[in-house]
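# Summary of the model geometry
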Amino acid sequence: DEAGYPRGQGGIRFSLTIDASNLGEQPVRAAEYMREQFREIGVQAEVRISDPGAYVTRIYTERDFDLSIFYGSAGADPAIGVHRFYWSANIRDGVPYSNGSGYSNPEVDAILEAASVEVDLDRRKQLYLDFQRKVMEDIPTIPLCSAARITICRAEVKDHTIGAIGAYGNLASAWLDR
């Protein structure tokens, strides 16, 4: 009520749509959970699930969405995995899993650009801490959870997930100990 959204007919403040990525069960389940939580505060939420192509077009080209839920990964280096979500140069139509929120902040851009070329690890770490503080003040995205990734294999399989991206890497170094 204080935010200017009093309950109207049927106790509904307003309606919105949650687009859930159809690449796995977790985004869909998270959207369904959010729908129920929104209901408790008088927000009517519709969960919309599309095939991957339609989802990417709606979110990253047409930018026709209220809320979007998807997997995001920082990867092995923030300059690769984090910049794509927050750097304004990555507001690019048709580029999946880029800056879909359209977030643009010159201060954040400057921090990210400096961090991407910083060779002093302590200074680079401080730049990314500054970035995190600023982005969590602006809130262009809300990280909901962090998924633990576990690789299960036979004991004879060695060096199967040695890189920073774990199971998303390749098996070039894997070998069998028989």
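Before any of the text, the structure's been laid out above.
Residues numbered from 1 in each chain as written. Predicted model: local features only at pLDDT ≥ 70, side-chain atom pairs only at ≥ 80, totals over all residues. Heavy atoms only, no water.

## Some points on the overall build of the protein
Check the secondary structure of the protein and you find six helices and five strands. Computed over C-alpha atoms, the radius of gyration of the protein comes to 20 Å, more than 25% over the 16 Å expected from 2.2 N^0.38 for 178 residues, which places it beyond the range of a compact globule. Along the first, second and third principal axes, the C-alpha atoms of the protein reach 70 × 40 × 30 Å. Across the 178 residues that make up the protein, the buried fraction comes to 26%. Considering only residue pairs separated by 6 or more positions, the protein has 52% of its internal contacts joining residues 24 or more positions apart. Positive and negative charge centroids in the protein, built from 19 and 26 side chains respectively, lie 5 Å apart. (Helix = DSSP H or I, 4+ residues; strand = E, 2+ residues; numbered from the N terminus. Rg over C-alpha atoms; globule rule 2.2 N^0.38 Å. Buried < 20%, exposed > 50% of the residue type's maximum accessible area, 1.4 Å probe, protein only. Contact = heavy atoms within 4.5 Å. Lys, Arg positive; Asp, Glu negative; His and termini not counted. Charge placed at Lys NZ, Arg CZ, Asp CG, Glu CD.)

## Quick word on the pattern of salt bridges
Throughout the structure, instances matching the rule amount to 13 salt bridges. Connected via shared salt-bridge partners are Asp19, Arg48 and Arg58. (Salt bridge = Lys/Arg side-chain N within 4 Å of Asp/Glu carboxyl O.)

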